[in-house]
Amino acid sequence: MNELETAVAAPFRHGRKERLSKMELVFYYVQDKRWMSQDQAKKLIDLAAKRGLLSKEGEENVYRCAPSLADVTIPLGFRPGDGIFAETAEEQDPVEALLDD
């Protein structure tokens with residue numbers, strides 16, 4: 001499993017839940033684990049949804065983790081690096097990439 005998949009699966013595994021709202025996911029990444037900023041957490045959720053790692057249920061902001069991530073183990077002391085966002089560099093707008101640099 002790569003770092004992105006581990007980061008996406010973590011809130012579902014730690015919370016022992018199959019469904020989480022977007023607010024719960026952002027809270028997990030920002031407040032509970034202090035892994036990233038609120039904007040980065042929202043970006044991570046959008047990226048995971050694009051890649052099929054999260055699926056949105058109905059009109060609500062409720063997400064379900066992909067079945068392929070059911071067996072992901074979260075290493076002790078895991079903390080995602082900025083590399084999970086670098087994976088999107090080819091999809092990122094060139095102007096935004098310049099501003100980020």
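In the block above lies the structure referred to throughout.
Attention in this report is confined to the structure presented alongside it. Computed from a predicted model, the values in this text were never measured in an experiment. (Residues numbered from 1 in each chain as written. Predicted model: local features only at pLDDT ≥ 70, side-chain atom pairs only at ≥ 80, totals over all residues. Heavy atoms only, no water.)

1. Let's talk about the overall build of the chain
Here's step 1: Looking only at helices and strands, one finds five helices and three strands in the chain.
Here's step 2: Along the chain, helices (α) and strands (β) appear in the sequence α-β-α-α-β-β-α-α when read from the amino end.
Here's step 3: For the chain, the residues scored as buried account for 34% of the 101 residues in total.
Here's step 4: Excluding contacts between residues fewer than 6 apart, the proportion of contacts in the chain whose partners are at least 24 apart in sequence is 63%.
Here's step 5: Accessible surface computed for the chain: about 6600 Å², of which carbon and sulfur atoms make up 49%. (Helix = DSSP H or I, 4+ residues; strand = E, 2+ residues; numbered from the N terminus. Buried < 20%, exposed > 50% of the residue type's maximum accessible area, 1.4 Å probe, protein only. Contact = heavy atoms within 4.5 Å. Areas by Shrake-Rupley, 256 points an atom, 1.4 Å probe, with all protein chains shown as cover.)

2. Notes on the sheet that holds strand β1 (residues 19–21)
Here's step 1: With respect to topology, three strands assemble into an open sheet ordered β1-β3-β2, the strand pairing being antiparallel. With one partner strand each, in any of the chains shown, β1 and β2 (54–57) form the two edges of the open sheet. When strand polarity is set aside, the average angle formed by the axes of neighbouring strands in this sheet is 35 degrees.
Here's step 2: As defined by bridge partners, β1 adjoins strand β3 (residues 62–65) across three bridges and the pair is classed as antiparallel. Note on β3: the bridge partner recorded for Ser21 is Val62. (Pairing = 2+ DSSP bridges. Axes fitted to C-alpha atoms, helices over the stretch in contact; angles between N-to-C directions.)

3. Overview of the nonpolar core
Here's step 1: Core analysis: the largest hydrophobic core is formed by 28 residues, its most contacted members being Val8, Leu25, Tyr29, Met36, Leu44 and Leu54.
Here's step 2: If you list the elements that add at least two residues to this core, you get α1 (3–15), α2 (22–32), α3 (38–50), β3 and α4 (83–86).
Here's step 3: Considering each element in turn, this core owes the most residues, six residues, to α1.
Here's step 4: Look past the residues within four positions of Val8 in its chain and what remains in contact with it is Tyr29, Leu44, Ala48, Leu53, Leu54 and Leu69. (Core = buried A, V, L, I, M, F, W, Y, C linked by side-chain atoms within 4.5 Å.)

4. Some words on α1
Here's step 1: The terminal C-alpha atoms of α1, which comprises 13 residues, lie 19 Å apart, in line with the 18 Å expected from a rise of 1.5 Å per residue.
Here's step 2: The sharpest bend along α1 measures roughly 35 degrees and falls at Ala9, with the proline Pro11 sitting one to four residues further on.
Here's step 3: Where α1 begins, the side chain of Asn2 points an oxygen toward the backbone nitrogen of Leu4, at a separation of 3.1 Å.
Here's step 4: Following α1 by one or two positions, Arg16 adopts a phi angle in the positive range, close to 50 degrees. (Expected span 1.5 Å × (residues − 1). Bend = angle between axes of the 7 residues up to and from the residue. Polar contact = N/O pair within 3.5 Å; in protein donor to acceptor, adjacent residues only side chain to side chain.)

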